[in-house]
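Listed below are the residues making up each chain.
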Amino acid sequence: MKLKPTKIICVGLNYHEHAKEMGMAIPKEPVLFMKPLTALIYDGDSIVYPKQTQDLHYEAELAIVIKDHCRNVAKTDAKKHIQGYTCANDVTARDLQKLDGQWTRAKGFDTFCPVGPKIVSDIDPTKLEIKCYLNGELKQSSNTLDMIFDVYEIVEFVSSIMTLEKDDLILTGTPSGIGSMQAGDEVVVEVGRVGRLRNRIRK
Ligand code: MG
């Protein structure tokens, strides 16, 4: 799998349980941020542990892959503009996220956006199990049913702000259970029938 997105958009705080664990109020509109394209890696690639952080976290997420050029898409039409779904890991330097007050550095390092292993289209994205395993141990376990904004609402919201292009990625937020990873660890994001995205952390 290789994608040629023009941007990577991410939704913060999109699961009820995760908003609770972060001590944050339920947002009234999706909270967006972006990752640089240089963060993109795929299944089997290594996540590099940057020297600037002491607290590297995994965030298992469902990613939307956009099908074609679109703008101002109604949620009822969103399906037509979605190529499919894949697994993503919104890798985050949690200490830098707290320090900076915004998220560009904490979420923007090279290798901080693993996606894959494939794009799946014939699924209902509103009822998918989502899990994260660290060295085989279950760390996150939820369902996209717990999302505050579903994938169609997210496409409507994002496309009301910016034009979306083929292969653009939208990461839809992580459920509760976030935690740290160390160099040498293997992290797996598993989303329903979408598959398992496996990456190892290295210094
Ligand atoms: Mg996230």
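This is a predicted model, so every value here is computed, not measured.

1. Considerations on the sheet that holds strand β15 (residues 195-202)
- Spatially, the five strands line up as an open sheet ordered β4-β15-β14-β10-β11, and their pairing is mixed. Of all the strands in the sheet, just β4 (46-48) and β11 (137-143) have a single pairing partner and so form its edges. Pairs of neighbouring strands in the sheet enclose a mean axial angle of 20 degrees, with direction left out of account.
- Both strand β14 (residues 186-191) and β15 contribute to a ladder of six bridges, which runs antiparallel. Looking across to β15, one finds that V188 is bridged to R198.

2. Let's talk about the UniProt feature "domain: Fumarylacetoacetase-like C-terminal" (unreviewed entry) in the protein
- UniProt feature "domain: Fumarylacetoacetase-like C-terminal" (unreviewed entry): in the numbering of this structure it lies at residues 7-201.
- Spanning residues 7-201, this segment combines 14% helix with 39% strand, and its end C-alpha atoms are found 24 Å apart.

3. Some thoughts on the packing of aromatic side chains
- One pass over the full model with this rule turns up two aromatic pairs.
- Just above the ring of Y49 sits the side chain of K203; from NZ or CZ to the centre is 4.3 Å.

4. Quick word on the pairing of β14
- Burial analysis of β14 places six of its six residues in the buried class, which makes it a mostly covered element.
- Burial along β14 is two-sided: the face carrying E186, V188 and E190 and the face carrying V187, V189 and V191 are both buried.
- Inspection of the sheet shows strand β10 (residues 129-134) paired to β14 by five bridges, in the antiparallel sense. From the neighbouring strand, L134 faces β14, where its bridge partner is V187.
- Hairpin connection from β14 to β15: three residues lie between these consecutive antiparallel strands, with G192 at a positive phi of about 25 degrees.

5. Section: the environment of G108
- Inspection of the secondary structure assignment puts G108 in helix α3 (residues 104-108).
- Here G108 falls in the buried class, since its relative accessible area comes to 17%.
- Counting along the chain gives 37 residues from G108 to L145, while the straight-line C-alpha distance between them is 28 Å.

What counts, and at which threshold
- Residues numbered from 1 in each chain as written.
- Predicted model: local features only at pLDDT ≥ 70, side-chain atom pairs only at ≥ 80, totals over all residues.
- Heavy atoms only, no water.
- Pairing = 2+ DSSP bridges.
- Helix = DSSP H or I, 4+ residues; strand = E, 2+ residues; numbered from the N terminus.
- Axes fitted to C-alpha atoms, helices over the stretch in contact; angles between N-to-C directions.
- UniProt positions renumbered as here; feature names shortened; annotations may be inferred.
- Phe/Tyr/Trp six-rings, centres within 6.5 Å; stacked < 30°, edge-to-face > 60°.
- Lys NZ or Arg CZ within 6 Å of the ring centre and 35° of its normal.
- Buried < 20%, exposed > 50% of the residue type's maximum accessible area, 1.4 Å probe, protein only.

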